[in-house]
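Read off the chains here:
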Amino acid sequence: MSLTERIAALEEEVRTAAARTADEVERFRVAMLGRNGSVTALFEDFKQVASDEKRALGQRLNQLKQSAQARWEELKENSGTGSTAAMDAGDPTRPAAIDAAGSLHPITVVRQRIVDTFARIGFTVSQGPEVEDDHHNFSALNFPPDHPARDMQDTFFVQGEGQFALRTHTSSVQVRVMEGSKPPIRTISPGRVYRNEAISARAHCMFHQVEGLYVDKGVSFAELKGTLDYFAKTMFGPDVSIRMRPSYFPFTEPSAEVDMSCSICGGSGCTVCKHSGWVEIMGCGMVDPAVLSNCTIDPEVYSGFAFGMGVERIAQLLYRVPDLRLYWENDVRFLEQFSADAFRS
Ligand code: DAH
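Cut-offs used in this document
- Residues numbered from 1 in each chain as written.
- Predicted model: local features only at pLDDT ≥ 70, side-chain atom pairs only at ≥ 80, totals over all residues.
- Heavy atoms only, no water.
- Near = heavy atom within 4 Å.
- Polar contact = N/O pair within 3.5 Å; in protein donor to acceptor, adjacent residues only side chain to side chain.
- Areas by Shrake-Rupley, 256 points an atom, 1.4 Å probe, with all protein chains shown as cover.
- 1 Å grid on protein atoms, 1.4 Å probe; cavity = no way out; pocket = protein on both sides within 12 Å on 5 of 7 lines; lining within 4 Å.
- Sits in = over half its atoms within 2 Å of the grid points.
- Helix = DSSP H or I, 4+ residues; strand = E, 2+ residues; numbered from the N terminus.
- Nonpolar A, V, L, I, M, F, W, Y, C, P; charged D, E, K, R; others polar.
- Axes fitted to C-alpha atoms, helices over the stretch in contact; angles between N-to-C directions.
- Parallel < 35°, antiparallel > 145°, perpendicular 65-115°, else oblique.
- Contact = heavy atoms within 4.5 Å.
- Salt bridge = Lys/Arg side-chain N within 4 Å of Asp/Glu carboxyl O.
- Buried < 20%, exposed > 50% of the residue type's maximum accessible area, 1.4 Å probe, protein only.

### Brief notes about the site of the ligand
- H169, S171, R195, Q209 and E211 are the nearest of the 15 residues found near the ligand.
- Measuring from an oxygen atom of the ligand, one finds a side-chain N or O atom of Q174 at 3.3 Å.
- In the environment of the ligand, an oxygen atom lies 2.6 Å from a nitrogen or oxygen atom belonging to the side chain of E211.
- About the coverage of the ligand: the protein hides 89% of its 350 Å² of free accessible area.
- Among the detected pockets, the ligand sits in the largest pocket.
- Taken together, the elements giving at least two residues each to the shell around the ligand come down to α7 (171-180), β6 (206-216), β9 (278-287) and β10 (303-310).
- Considering only residue class, the shell around the ligand consists of five nonpolar, eight polar and two charged.

Shown next as structure tokens:
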């Protein structure tokens, strides 16, 4: 092969060279430009070339050396990023980039966990309207006409005082379910509720509740307690316990406030439980016979229990969010912290 032919062959080789790894790049350099490399060898042979050919061949040889060097630089750069001319389609063995997908809102996550917990023991889910009439929000639930909860200060009225309002609690759904179906009834009603409160770290004019209702023949207070104990242990772990304190609600008799042993300090006392070892988690009681009657259920035949809890409150105990307003600001730095929980329940 003449020197010209060898130069042409090497030009082609340089042009099509490929290298994926740093080792392959180095092998290319040694094969072409190393002490015993092909290009270097051509320079040796060039010494024998007749002087009238030297000028033209010398130029081509120098060009070959330059393009081998440029190719080497190019391969070096590409192998670092994992892509070479031959791999332009991308490296199929590289781990996939993780897209920052959105996540469920913490209130949605907690509401879903509450629903799942009761669904497991046979509770269905029911819903009612957020704009509610006086009958469902108050009267059927035994609120006397002058009860302070009906006051303009608490309730957002729609179309003037009296007729329609944004519901102040999800107990209104109890009434709708009892009016619309026959016992046995075992249902929970998650939803938004509204109260005319000044917004602060501890109060908001809109929040979420989950209402529970069980009506059948012979439903007892012991079953209520067992159900709520199961709920607390499922949500917060087997070590928590509950206690009930006598309380008053117009729609239950007897009524109780439910406390749970503080899931944060284990009951020994901390700032969350105000050093009492207990945190309040919900209200409950036996459905007042007058409420059953109002909803066309015979209290001589049936009895029931009901309970109502705030979703933000449960979320706060699970996540220790210090300020309620964080839930509504939609700051992604806050929301991102719950992304793993969305897939847990
Ligand atoms: N409706 C009550 C509230 O908003 C919560 C509640 C208490 C619901 C006792 C109930 C219950 O069903 O039995 O504060």
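There's more to say after this.
### A look at the packing of helix α8 (residues 221-236) against helix α10 (residues 311-319)
- Running from amino to carboxyl end, α8 crosses α10 at an angle of 45 degrees, the nearest separation of the two axes being 11 Å. On the basis of the axis angle, α8 is oblique to α10. Contacts from F231, M235 and F236 of α8 reach α10 at I314, L317 and L318.
- Grouping the constituent residues of the contact of α8 with α10 by class yields six nonpolar, no polar and no charged.

### Points about the pattern of salt bridges
- This structure, assessed with the given rule, holds 15 salt bridges.
- Among the salt bridges present, the one from R6 reaches D45, with a minimum N-O distance of 2.8 Å. Of the two residues, R6 is situated in helix α1 (residues 3-16) and D45 in helix α3 (residues 38-46); the sequence distance between them amounts to 39 residues.
- According to the relative accessible area criterion, R6 is partly exposed, its value standing at 26%.
- A relative accessible area of 32% places D45 in the partly exposed class.
- Several salt bridges converge on common partners, so that one network encompasses R243, R245, D259 and E280.

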